[in-house]
Each structure stands twice: as structure tokens, then as C-alpha cells.
Amino acid sequence: HNQVHQRLEAIKHAKYDYILQLDDDIVLDKLFLTKIYNSSRMLGNKFCLSPIFKDINTKKIIYKKHSFFNKLIYKILFQINIDEYYGKLTNFGLAVDFSPKRSNIQKVDWLPGGCMLTKKKFYKNFKANIFRNHEKSYYEDVYFSILGKYDKYIDYRIPAYLHNLKQNENFFQDLRYL
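Basis of the calculations
- Residues numbered from 1 in each chain as written.
- Predicted model: local features only at pLDDT ≥ 70, side-chain atom pairs only at ≥ 80, totals over all residues.
- Heavy atoms only, no water.
- Helix = DSSP H or I, 4+ residues; strand = E, 2+ residues; numbered from the N terminus.
- Buried < 20%, exposed > 50% of the residue type's maximum accessible area, 1.4 Å probe, protein only.
- Contact = heavy atoms within 4.5 Å.
- Areas by Shrake-Rupley, 256 points an atom, 1.4 Å probe, with all protein chains shown as cover.
- Phe/Tyr/Trp six-rings, centres within 6.5 Å; stacked < 30°, edge-to-face > 60°.
- pLDDT = per-residue confidence, 0-100.
- 1 Å grid on protein atoms, 1.4 Å probe; cavity = no way out; pocket = protein on both sides within 12 Å on 5 of 7 lines; lining within 4 Å.
- Points joined across faces, edges and corners; volume = space filled by probe spheres on them.
- Nonpolar A, V, L, I, M, F, W, Y, C, P; charged D, E, K, R; others polar.

**Details of the overall build of the protein chain**
Thinking step 1. Across its full length, the protein chain holds five helices and six strands.
Thinking step 2. Going from the N terminus to the C terminus, the protein chain shows its helices and strands as α-β-β-α-β-α-β-β-α-β-α.
Thinking step 3. Here the protein chain holds 178 residues, and the buried ones make up 41% of them.
Thinking step 4. Within the protein chain, contacts between residues separated by at least 24 positions form 73% of all contacts whose residues are at least 6 apart in sequence.
Thinking step 5. For the protein chain, the computed accessible surface area is about 11,400 Å², with 54% contributed by carbon and sulfur atoms.

Put into C-alpha cells, the structure is as follows:
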């Protein structure tokens, strides 16, 4: 089965209310769990909370400031000012990256699936069968963000580090031959 099915199956068997979805290429600080739990306590019962992703080597936010060319393309093709869409979903279903400049909590339309804290009930009505492949599922984080009715937040005060940003995409294909 693919990763979406595996995650949903594991969540069905979880004993506790809080679920931390965590990919294998994420590195966390020593006090990460305490920080994200404390941050979640002020968000109410129906929340999804992600840390901000940073490069493990540079410790910088992986999301970049939009270039003039990017702004122009979005303005022409989608009639939007992309700088006003950080963390939002466009009417066309495009997920715009998160701001490289924020320093607190931002309410957003979507969350990256690699590291997210929420309650078990968030996953209650999700079905994995829309992802028919048996390998990596792309864009599932945006899909579930749209289906999920909980408020979504990025906490820029809490980093999670991507282990290897230059990792070869064929890595997952190579695993099935091991």
C-alpha cells in the first residue's frame, strides 16, 4: 500500500488523541514535542499545526522570497499578487509556499504533510483509495488540507529540519528493489 494508506491505518490503531505525522527525512530539536504541544494548546480543539521547515545545514527557512519572474507569471496566468498568498490555496488549487519572513503563528489554507500535529478525529473521514499508486503519493498534503475542516497553522517559532533537500526522487523507487 502507499504512504497515505499506511498512515491512515496506523492512526486507526493509535491509543491517544494527539497524532504527530512525521516523515522519515525530518530532524527535530530536542524540545520539539514540548514546544509544538504548548503551541497547540492555545489553538482550541480543532487544529492542525506544523512547524516551519528549515534546511538542516543552513538553518534557514526553505521557502524563498518570490522573484520578479514568479510574481509576473502568477499575475499574468492567475491574476493574483503571489506575495499576498503565502500559505494559501489559489482558486486553481495551487498551494503557495509559506512566507520566508514571518516569526509567529500564521493561519494558512494548507499544511505540508511531513510534520503535523493534530487530533485523531481530523482523519476520521479520510479515504486512501483516491491515491491508487503503491509508491509515493504526491500532493496528498494539499488534498487532506482541503478535506480537513480543522483550522491550519504554521508556527514559525518551531523549526523542523529537512535532512537532505537534494535527495534523489528515485530514492523511493529504489527502495522497492531492496
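Once the structure has been displayed, the description carries forward.
**Quick look at the packing of aromatic side chains**
Thinking step 1. Inspection of every chain in the model, using the stated rule, returns six aromatic pairs.
Thinking step 2. With 5.2 Å between their ring centres and 75 degrees between their planes, Tyr-63 and Phe-98 make a pair best called edge-to-face. One end of the pair, Tyr-63, is in the loop between strand S3 (47-55) and helix H3 (68-78); the other, Phe-98, is in the loop between H3 and strand S4 (105-108), and 35 residues separate them in sequence.
Thinking step 3. Classification of Tyr-63 by relative accessible area gives buried; the value is 9%.

**Some words on the confidence of the model for the protein chain**
Thinking step 1. Averaged over all residues, the pLDDT of the protein chain is 82; the fraction at 70 or higher stands at 84%.
Thinking step 2. The model gives residues 168-178 a pLDDT under 50, and that stretch makes five contacts with residues more than four places away or in other chains.

**Remarks on empty space enclosed by the protein**
Thinking step 1. For the structure shown, the criterion picks out one cavity of 30 Å³ or more.
Thinking step 2. In this structure, the largest cavity encloses a volume near 170 Å³.
Thinking step 3. Along the wall of the largest cavity there are 17 residues; nearest its centre are Gln-21, Met-116, Tyr-123, Asp-141 and Phe-144.
Thinking step 4. Secondary structure elements with two or more residues in the lining of the largest cavity: helix H1 (3-12) and helix H4 (140-147).
Thinking step 5. The leading source of residues in the lining of the largest cavity is H4, at four residues.
Thinking step 6. Among the residues forming the lining of the largest cavity, the class breakdown is ten nonpolar, three polar and four charged.

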